[in-house]
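# Chains, contacts and geometry: an overview
For reference, the chains in residue letters:
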Amino acid sequence: EDLGVRHRLWVYSGRRGVHCWVCDDAVRKWSPALRAAAVEYLSLVKGGADTVKKVNLSHPVHPFIRKGAGAPMDSRLDMSQLCPGGREGQWHLAWIRNALTPPAQLREPLQAEFPKKKDSLQRWELLRGRAERTRAASARGPALAPCYADWEVMLQFCFPRLDINVSKGLGHLLKSPFSVHPKTGRVSVPLDLQRLDQFDPFAVPTITSLCHELDTAGSDGEQEEVGETEPKRRARDYKKTSLAPYVRVFEQFVEGMESARRGERIRHSDLQGDF
């Protein structure tokens, strides 16, 4: 949205990723430099396995990041990642020293109070409460610098990691929607953003389940028309499988894109007619 992109198709990879197909005419004509700049703008989590702190925020925080650090992301944060127990019970203290780097006025109380909390949720609420108070105090005056430690934690664990090379390389191989993931066997299906909370990646159709559904549809379905070929029957039977809702999502996306393109052509034709 920040880049003016309108036509975005979100597709589950079949394993643990998501692809965003951007189909705007202008974007498809971007150079590799423009593509790299766009992905760089959208990238917040940076650094390899040896980098402890992968998100660094400074004041003032960009509006794009403020949206990303909103309340919905907080609900998805796994508290066990923030403050693990067992042998790694002291890891949360190392995180405060090496990763959070809050102001000294906040760091020392946190180091003293974290061990007193019985579970990860209590520690997280302590951290978030202290950080929110520093931001509120800094808004009233410059006595205390704002702390974004809680936002950095949320973003590091929850914000998407983007594959820059795939996005900027015009010659990079791309995985098409409805292809089959070679390791899981799941079909790469489009996502309905209006029902995203209901999406279960483990319930996505697999190549095996689809073959079984097609065989069932072929044996229990309508009477075949005279002269109907096997490919035609298969093309009809896919609508009786668990793939049908995902195909409809794809069709709606294409229809919306075609409608917008048609409207743009009409507008352009009207402008030419004015002259």
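Residues numbered from 1 in each chain as written. Predicted model: local features only at pLDDT ≥ 70, side-chain atom pairs only at ≥ 80, totals over all residues. Heavy atoms only, no water.

As annotated in an unreviewed UniProt entry, the protein carries the name DNA primase AEP and comes from Erpornis zantholeuca. Of the protein, the UniProt comment under Sequence similarities (unreviewed entry) reads exactly: "Belongs to the eukaryotic-type primase small subunit family." Quoted verbatim from the Catalytic activity (unreviewed entry) field of the UniProt record, the comment on the protein reads "ssDNA + n NTP = ssDNA/pppN(pN)n-1 hybrid + (n-1) diphosphate." (UniProt positions renumbered as here; feature names shortened; annotations may be inferred.)

This part takes up the overall build of the protein. Helix and strand counts for the protein come out as 13 helices and 2 strands. Of all 275 residues assigned to the protein, the portion counted as buried reaches 33%. Of the contacts formed within the protein by residues at least 6 apart in sequence, a portion of 57% connects residues at least 24 apart. Entry remark: accessible area of the protein is about 17,500 Å², with carbon and sulfur atoms responsible for 54%. (Helix = DSSP H or I, 4+ residues; strand = E, 2+ residues; numbered from the N terminus. Buried < 20%, exposed > 50% of the residue type's maximum accessible area, 1.4 Å probe, protein only. Contact = heavy atoms within 4.5 Å. Areas by Shrake-Rupley, 256 points an atom, 1.4 Å probe, with all protein chains shown as cover.)

Turning next to the nonpolar core. If you look at the biggest cluster of nonpolar residues, it comprises 23 residues, and the most contacted ones within it are Leu 57, Ile 65, Leu 127, Trp 151 and Leu 155. Looking at this core, the elements with two or more residues in it are α3 (63–68), α7 (104–113), α8 (120–140) and α9 (149–158). Residue contributions to this core peak at 5 residues, all from α9. Apart from residues lying up to four places away in sequence, Trp 151 is in contact with Leu 57, Val 61, Arg 66, Ala 69 and Arg 135. Leu 210, Leu 243, Tyr 246 and Val 247 belong to the second largest nonpolar core, which has 9 residues in total. (Core = buried A, V, L, I, M, F, W, Y, C linked by side-chain atoms within 4.5 Å.)

Residue placement: Ile 65 occurs in helix α3. On the basis of relative accessible area, Ile 65 is assigned to the buried category, the value being 12%. Those residues within four positions of Ile 65 in sequence are excluded, and the remaining contacts are Leu 44, Leu 57 and Leu 155.

In terms of burial, α9 is largely enclosed, as 9 of its 10 residues are buried. By the burial criterion, the buried members of α9 are Ala 149, Asp 150, Trp 151, Glu 152, Val 153, Met 154, Leu 155, Gln 156 and Cys 158.

It is worth spelling out the pattern of salt bridges at this point. This structure, assessed with the given rule, holds 9 salt bridges. The partner of Lys 46 in a salt bridge is Glu 40, and the shortest N-O contact between them spans 2.8 Å. (Salt bridge = Lys/Arg side-chain N within 4 Å of Asp/Glu carboxyl O.)

Moving on to a nonpolar patch on the surface. Residues Trp 10, Val 18, Leu 193 and Leu 196 make up a contiguous nonpolar surface patch of roughly 350 Å² in combined accessible area. Considering the arrangement of structural elements, one finds Leu 193 in the loop between α10 (164–168) and α11 (207–220). (Patch = residues over 30% accessible without salt bridge, like charges linked within 9 Å, V, L, I, M, F, W, Y side chains within 5 Å.)

Our focus in this paragraph is the side chain of His 7. Looking at the element boundaries, His 7 is found in the segment before β1 (8–12). Filtering out sequence-adjacent residues up to four positions away, His 7 remains in contact with Trp 21, Val 22, Cys 23, Asp 24, Phe 253, Gly 256, Met 257 and Ala 260.

Turning to helix α2 (residues 32–42), a few remarks are in order. Restricting attention to buried positions, one finds in α2 the residues Arg 35, Ala 38 and Val 39. Viewed end-on, α2 has its buried residues packed into an arc of 95°, placing them on one side of the element. Buried positions along α2 lie against α1 (25–28) and α10. (Arc of directions from axis to C-beta.)

With glycine set apart, most residues show a phi of negative sign, and most peptide bonds adopt trans. The omega angle of the peptide bond from His 59 to Pro 60 is 0°, so this bond is cis rather than trans. Unlike most non-glycine residues, Phe 178 shows phi in positive territory, near 75°. Along the chain, Phe 178 falls in the loop between α10 and α11. Among the residues examined, Phe 178 registers a relative accessible area of 27% and is labelled partly exposed.

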